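Now for the letters of each chain:
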Amino acid sequence: MRPLWRCRRCGHPWPCGAAKVALLIEHRSSPVSLFLYLASCLHDAIEDLHQLHPSDTGSAADIFDRFLGWPARHHHSYRVATRKSPNEEEPS
């Protein structure tokens, strides 16, 4: 339900648990398309929610996690790998 960004079925903030499962299934062969879709939704949600409540749109970290943080936890290929500093040597 836009502009509130709530699930039509359960009323929880979208994407709710059921929507996340459906999105993972729908985009299982192309996780990049899931991230692009959710990034677009994030952009729209920020605009919509700010227009509804300009003084209380929530923290940027919370809304980012709501839209883009959860799929990164489900797709190991999108997790940030830590690089060793140039001074650290690889074990032989």
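Values in this document were obtained by computation on a predicted structure and should not be read as measured data.

Engineer: Can you tell me about the overall build of the chain, naming the residues and giving the values?
Structural biologist: Assigned secondary structure in the chain consists of three helices and zero strands. Order of helices (α) and strands (β) in the chain, N terminus to C terminus: α-α-α. Across the 92 residues that make up the chain, the buried fraction comes to 26%. Sequence separation of 24 or more characterises 57% of the internal contacts of the chain that already satisfy a separation of 6 or more. Within the structure as shown, the chain displays about 7,000 Å² of accessible surface, and the carbon and sulfur contribution to it stands at 55%.

Engineer: Residues and numbers for unusual backbone geometry, please.
Structural biologist: In the segment running from R2 into P3, the intervening peptide bond is cis, with an omega of 10°. Inspection of the secondary structure assignment puts P3 in the segment before α1 (17-26). Here the residue pair W14 and P15 is connected by a cis peptide bond, since its omega of 0° sits within 30 degrees of zero. For P15, the position within the fold is in the segment before α1. Non-glycine residue W5 carries a positive phi angle of around 60°. Note that W5 resides in the segment before α1. In this structure W5 comes out as buried when scored by relative accessible area, which is 6%.

Engineer: Can you explain the packing of aromatic side chains? Please cite residues and give values.
Structural biologist: Tallying each qualifying case throughout the model produces four aromatic pairs. Aromatic pair W5 and W14: ring centres 5.9 Å apart, planes at 50°, arrangement tilted. Across the pair, exposure class does not vary: W5 and W14 are buried alike. Here the aromatic rings of W5 and F67 are separated by 5.7 Å at their centres, their planes lie at 80°, and the arrangement is edge-to-face. Here W5 is found in the segment before α1, whereas its partner F67 is found in helix α3 (residues 60-74), with 62 residues between them in sequence. The rings of W5, W14, Y37 and F67 are connected pair by pair, giving a single aromatic cluster.

Engineer: So what's going on with the environment of A60? Residues and values would help.
Structural biologist: Relative to the elements of secondary structure, A60 occurs in helix α3. Sequence-wise, A60 and I46 are 14 residues apart; in three dimensions their C-alpha atoms are separated by 9.0 Å.

Criteria and thresholds
- Residues numbered from 1 in each chain as written.
- Predicted model: local features only at pLDDT ≥ 70, side-chain atom pairs only at ≥ 80, totals over all residues.
- Heavy atoms only, no water.
- Helix = DSSP H or I, 4+ residues; strand = E, 2+ residues; numbered from the N terminus.
- Buried < 20%, exposed > 50% of the residue type's maximum accessible area, 1.4 Å probe, protein only.
- Contact = heavy atoms within 4.5 Å.
- Areas by Shrake-Rupley, 256 points an atom, 1.4 Å probe, with all protein chains shown as cover.
- Phe/Tyr/Trp six-rings, centres within 6.5 Å; stacked < 30°, edge-to-face > 60°.

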